[in-house]
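# Chains, contacts and geometry: an overview
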Amino acid sequence: MAMPKWHEFMQPVLVSLSKRDGFVSSKEIQADMIDHFSLTEEEQAERLSSGQLRFYNRLYWAITDLEKAKLVEYGEKKGTYLITDSGRAFLSNHDGPFTAKELMKECEAFRAWKNGYASKKKNADKGSCPDDAAQEQMSPMETMEASYGEMREALIEDLLAMIMSKSPYFFEYLVGRILLAMGYGEREESVTVTPKSSDEGIDGTVKEDRFGFDTIYYQAKRWEPSRTVTRPDIQAFVGALSGKGASRGLFITTAKFSSGARGYAKGIHTQKIVLVDGHDLAELMIDYGVGVSTKATFEIKEPDKDFFEEDAAS
């Protein structure tokens, strides 16, 4: 089956807790959820882009909402949970899945928490957000990651538009800056943009060491993003590399590559040819901080229960 939506964990969690006396460990709850939903090992191993397990993330946020609604309480021992009397009463009226909408209607504590959170969040961000249907499927962490993905894609489009507004020579210089930021070459002087009158199919080079024993040759094409780079284009570049006796080459462009071009580059065994299209180019600029600046930074934190146990242990 597909990974359960995060709210779909709430009712089974209450059932799991109601079957046991006292506080229940997170491992026991996880085992019950795996059994309840018949999750495969592959589904249990799914990860978010942040690296966190998707299963654990959705289960964690389900438990968080139950705790905010006072249906569950956290134990003093890390990773333990107890169903409250309110939780048992709520469960008796819900023998099937329920969502945060039911918690809003029936749990005053959850309503107060949500309303307080919403008032702080109001007008905080102007970006697009997932619609209600999507939010019901995703945990808060997944919602944030989705919004981040949308903003990153918008930034990629902006970067490509700005590159297209500059000259082809600027683009060749930009490629050199990206390679330097990635750790190729020791200093800015390591990058050389070839004069147009004598480029011979090579737009620039990067000397990876001071003596130039290892050099990367690149061709940078500021072509329309809708254009397709074909196999003959790559063959011409490979020929230019052979004329230089080069073993490594980078073909980087604002356009896209045909499957034939990628297949040809991959099939060459005498030379290492790397192809970077417009989308990947913008991704590199973002990841290595070239032509972009940080507007805001957010940290996601959670309580450190080990810290709060120090007093009890002393």
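In the block above lies the structure referred to throughout.
Predicted model only: the values in this text are computed from it and were never measured.

Along helix 13 (residues 278–287), 7 of the 10 residues are buried, which leaves the element largely enclosed by surrounding structure. Listed as buried for helix 13 are Gly-278, Leu-281, Ala-282, Glu-283, Leu-284, Met-285 and Ile-286. Where helix 13 begins, the capping side chain belongs to Asp-277, and its oxygen is found 3.4 Å from the backbone nitrogen of His-279. Gly-289 lies just past helix 13 and shows a positive phi near 70°.

Time to look at the sheet that holds strand 5 (residues 204–207). Taken together, the 5 strands give an open sheet; going across it, the order is 4-5-6-8-10, and neighbouring strands pair in mixed fashion. Taken across any chain shown, the strands that pair with only one partner, and hence form the sheet edges, are strand 4 (191–193) and strand 10 (272–276). Going from strand to strand, the sheet's axes swing by 20° on average, the running direction of each strand aside. Examined bridge by bridge, strand 6 (residues 215–221) and strand 8 (residues 248–253) share 5 bridges and lie parallel to one another. The residue of strand 8 that forms the bridge with Tyr-217 is Gly-249. Along the sheet, helix 11 (residues 231–244) contacts strand 6, strand 8 and strand 10; its crossing angle with strand 8, the most-contacted strand, is approximately 145°.

The rules behind these values
- Residues numbered from 1 in each chain as written.
- Predicted model: local features only at pLDDT ≥ 70, side-chain atom pairs only at ≥ 80, totals over all residues.
- Heavy atoms only, no water.
- Buried < 20%, exposed > 50% of the residue type's maximum accessible area, 1.4 Å probe, protein only.
- Helix = DSSP H or I, 4+ residues; strand = E, 2+ residues; numbered from the N terminus.
- Polar contact = N/O pair within 3.5 Å; in protein donor to acceptor, adjacent residues only side chain to side chain.
- Pairing = 2+ DSSP bridges.
- Axes fitted to C-alpha atoms, helices over the stretch in contact; angles between N-to-C directions.
- Contact = heavy atoms within 4.5 Å.

Don't take any of this as a statement about function, it's just geometry.
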